[in-house]
Amino acid sequence: RRRWRRQPSLRIERRAQHKAVGRKARAVIQDIEAAEAARQAAALERQRRESGLIEAVEALALVDNPAAVRQELARLSQSWSELGVTDSASTERFARASAAVDAAIARREREAEEESERARVRAEAIATRIALCERVETLDGEDVLAQLIPIEEEWRSLLPIVGDGPQSAELT
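The rules behind each value
- Residues numbered from 1 in each chain as written.
- Predicted model: local features only at pLDDT ≥ 70, side-chain atom pairs only at ≥ 80, totals over all residues.
- Heavy atoms only, no water.
- Salt bridge = Lys/Arg side-chain N within 4 Å of Asp/Glu carboxyl O.
- Helix = DSSP H or I, 4+ residues; strand = E, 2+ residues; numbered from the N terminus.
- Buried < 20%, exposed > 50% of the residue type's maximum accessible area, 1.4 Å probe, protein only.
- Axes fitted to C-alpha atoms, helices over the stretch in contact; angles between N-to-C directions.
- Parallel < 35°, antiparallel > 145°, perpendicular 65-115°, else oblique.
- Left-handed = near helix turned anticlockwise from the far one by under 90°.
- Contact = heavy atoms within 4.5 Å.

Peer 1: Could you give an account of the pattern of salt bridges, naming the residues involved and the relevant values?
Peer 2: Summed over the entire model, instances satisfying the criterion amount to 13 salt bridges. For Glu-58, the salt bridge is made with Arg-93, and the minimal N-O distance between the two is 3.1 Å. Separated by 35 residues along the polypeptide, Glu-58 in helix α1 (residues 2-60) and Arg-93 in helix α3 (residues 88-137) bring together distant segments of the chain. The exposure class assigned to Glu-58 is partly exposed, which follows from its relative accessible area of 35%. Note on Arg-93: relative accessible area 29%, which makes it partly exposed. The salt bridge involving Glu-124 is made with Arg-120; its shortest N-O contact spans 2.2 Å. Of this pair, Glu-124 and Arg-120 are both found in helix α3, 4 residues apart, which corresponds to roughly one turn of the helix. Within the structure, one salt-bridge network assembled from shared partners comprises Glu-117, Arg-120 and Glu-124.

Right, here's the structure in full:
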């Protein structure tokens, strides 16, 4: 009889131990699954940040202010470095976008220099015309027509100025 009584208690005891082991196993599995989900979420967030940085750099190529673009590119490049991207495709895409922005900055700076040079040449041409007009206004004496001939020849030798149109490009 004692044996019979001991066996059910052993079964209960074993079942209790199995329940505790099962609970621990379930807890470990849940922890593993939670860690994997967190890792996947972090990887997804990292990928989203990478894409966002690349798209922001690509958008800089459309901005007209070279100084602001250069400053923003430096900030985005710093963020990219801090992110520590190891994916070669993303790194290559970022490098291409950065190179395109650098080319756009150089092009805009060159265009600004050319525009500045055109404005300078135009201002000189206008100043020359004003000086000739002032010389005409100061002509005096009986030989005014003789004095006017060299001024008139100088005026005719000047290129025409017509707004900012095609003729103004001939001034450069």
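Peer 1: So what about the packing of helix α2 (residues 66-83) against α3? Which residues, and what values?
Peer 2: Packing of α2 against α3 brings their axes to within 10 Å, and their N-to-C directions diverge by 165 degrees. Looking at the two axes, α2 sits roughly antiparallel to α3. Along this stretch, α2 crosses α3, giving a crossing that reads as left-handed. From α2, Pro-66, Val-69, Arg-70, Leu-73, Leu-76, Ser-77 and Trp-80 reach across to α3, where they touch Ser-90, Thr-91, Phe-94, Ser-98, Val-101, Asp-102, Ile-105, Arg-108 and Glu-109.

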